Each structure stands twice: as structure tokens, then as C-alpha cells.
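The chain contents come next:
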Amino acid sequence: QVQLVESGGGLVQAGGSLRLSCAASGSIFSASSVGWYRQAPGKQRELVATITTGRSTNYADSVKGRFTISKDNGKNMIYLQMNSLKPEDTAVYYCNAAWGHLGWDYWGQGTQVTVSS
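Residues numbered from 1 in each chain as written. Predicted model: local features only at pLDDT ≥ 70, side-chain atom pairs only at ≥ 80, totals over all residues. Heavy atoms only, no water.

Asks: Which residues make up the pairing of strand S1 (residues 4–7), and what values go with them?
Replies: Here S1 shows one buried face, formed by Leu4 and Glu6, and one open face, formed by Val5 and Ser7. Direction of pairing for S1 relative to strand S3 (residues 18–24): antiparallel, over a ladder of 4 bridges. In the strand pairing of S3, valine 5 is matched with alanine 23. (Buried < 20%, exposed > 50% of the residue type's maximum accessible area, 1.4 Å probe, protein only. Helix = DSSP H or I, 4+ residues; strand = E, 2+ residues; numbered from the N terminus. Pairing = 2+ DSSP bridges.)

In C-alpha cells:
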């Protein structure tokens, strides 16, 4: 079992930046993919960005060019650099690690990001 703990959320003005971090309690080196998802009030959870074992990345169209996902396998950390933030980025952001071939799927408890206009 892997526990994920997010940090780095907060309140920021539109146009500002935040860096989210996710600390994993175990190795994420072999995870099929790790990533970030978000859920705004009254909406379904949606993909923000993922990165695979081979470091291929995938981004939601709404964040392309503004957000960057990265991971440090040695430190078991996953990051999300968010620039040019918009009020519509306001949501709870969740970290995820998945081992699809094993059917393992882990989530953090989330960190709130609020972007004021």
C-alpha cells in the first residue's frame, strides 16, 4: 500500500503561480502512471496531468502550456508547477499513483487551490 500526501495548495491571485507536491510513502518508480486530478465544487473529478513510467506526459487541454508535471523517483515525489493561474483552476487537487498491470490505484486526500480574480 502506498500513501500519498499533497502539499502546496493555497490562495493565489489570477496570473500567479503555485507548486503542488505529492509525497509517496513507497516507491513510485514502477507505477504505470502518476498524476494530478482536480475536482471543483459541483463538478466531477477531472484529469489535470499524468506522467508515465517512460516519462510521457498528458495534460488536459485547459492547462496545456501553463502547468508542468514532473516526478522524482529517487525521492518518491510528484510535482505540479502551475503558472498563469485562472479562477477556473480553483479546485481540490488530488495526487494519484497507479499500477495498472496490478490493479493498484492510490489517491491522496487533496489540497485546495483557490484562484481569486
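Having seen the structure, we can now continue with the description.
Asks: Explain unusual backbone geometry residue by residue, including any values.
Replies: A positive phi is found at arginine 55, a non-glycine position, where the angle reads about 70 degrees. Tracing the backbone through its elements, the reader meets arginine 55 in the loop between strand S5 (46–52) and strand S6 (57–59).

Asks: Residues and numbers for the nonpolar core, please.
Replies: With 31 residues, the main nonpolar core has Trp36, Leu80, Met82 and Tyr93 as its most contacted residues. At the level of elements, S3, strand S4 (33–39), S5, strand S7 (67–72), strand S8 (77–82), strand S9 (91–99) and strand S11 (111–116) are the ones that each hand at least two residues to this core. Among the elements that line this core, the one with the most residues is S9, at 5 residues. Residues in contact with leucine 80, not counting those within four places in the same chain, are Leu18, Arg19, Leu20, Trp36, Val48, Ala49, Phe67, Thr68, Ile69 and Tyr93. (Core = buried A, V, L, I, M, F, W, Y, C linked by side-chain atoms within 4.5 Å. Contact = heavy atoms within 4.5 Å.)

Asks: For the sheet that holds S7, give the residues involved together with the corresponding values.
Replies: What the 4 strands build is an open sheet, ordered S1-S3-S8-S7; its pairing is antiparallel. Lying at the two open borders of the sheet, with one neighbouring strand each, are S1 and S7. Averaged over neighbouring strand pairs, the angle between their axes works out to 15 degrees when direction is ignored. (Axes fitted to C-alpha atoms, helices over the stretch in contact; angles between N-to-C directions.)

Asks: So, the pairing of S8: which residues are in play, and what are the values?
Replies: Extensive coverage of S8 is indicated by the burial of 5 of its 6 residues. In the sheet, S3 pairs with S8 via 6 bridges, with the strands oriented antiparallel. The partner of leucine 20 across the bridge, within S8, is leucine 80. The sheet contact formed by S7 and S8 spans 6 bridges and is antiparallel.

Asks: I'd like a rundown of the pattern of salt bridges, residues and numbers included.
Replies: Enumeration over the complete set of coordinates arrives at 4 salt bridges. A salt bridge links glutamate 46 to arginine 38; the nearest nitrogen and oxygen atoms lie 2.7 Å apart. With a shortest N-O distance of 3.1 Å, lysine 64 and aspartate 61 are connected by a salt bridge. There is no split in this pair, since lysine 64 and aspartate 61 are both exposed. (Salt bridge = Lys/Arg side-chain N within 4 Å of Asp/Glu carboxyl O.)

Asks: Which residues make up the packing of aromatic side chains, and what values go with them?
Replies: Across all of its chains, the model carries 3 aromatic pairs by this definition. Aromatic pair tyrosine 37 and tryptophan 107: ring centres 5.0 Å apart, planes at 65 degrees, arrangement edge-to-face. Highlighted residues: tyrosine 37 in strand S4 and tryptophan 107 in strand S10 (residues 104–107), separated in sequence by 70 residues. Residue tryptophan 107 is classed as partly exposed on the basis of its relative accessible area, which comes to 34%. Aromatic ring contacts, followed pair by pair, group Trp99, Trp104 and Tyr106 into a single cluster. Over the face of the ring belonging to tyrosine 79 we find arginine 19, whose NZ or CZ atom lies 4.0 Å from the ring centre. The aromatic ring of tyrosine 94 is capped on one face by arginine 45, whose charged end is 3.7 Å from the ring centroid. (Phe/Tyr/Trp six-rings, centres within 6.5 Å; stacked < 30°, edge-to-face > 60°. Lys NZ or Arg CZ within 6 Å of the ring centre and 35° of its normal.)

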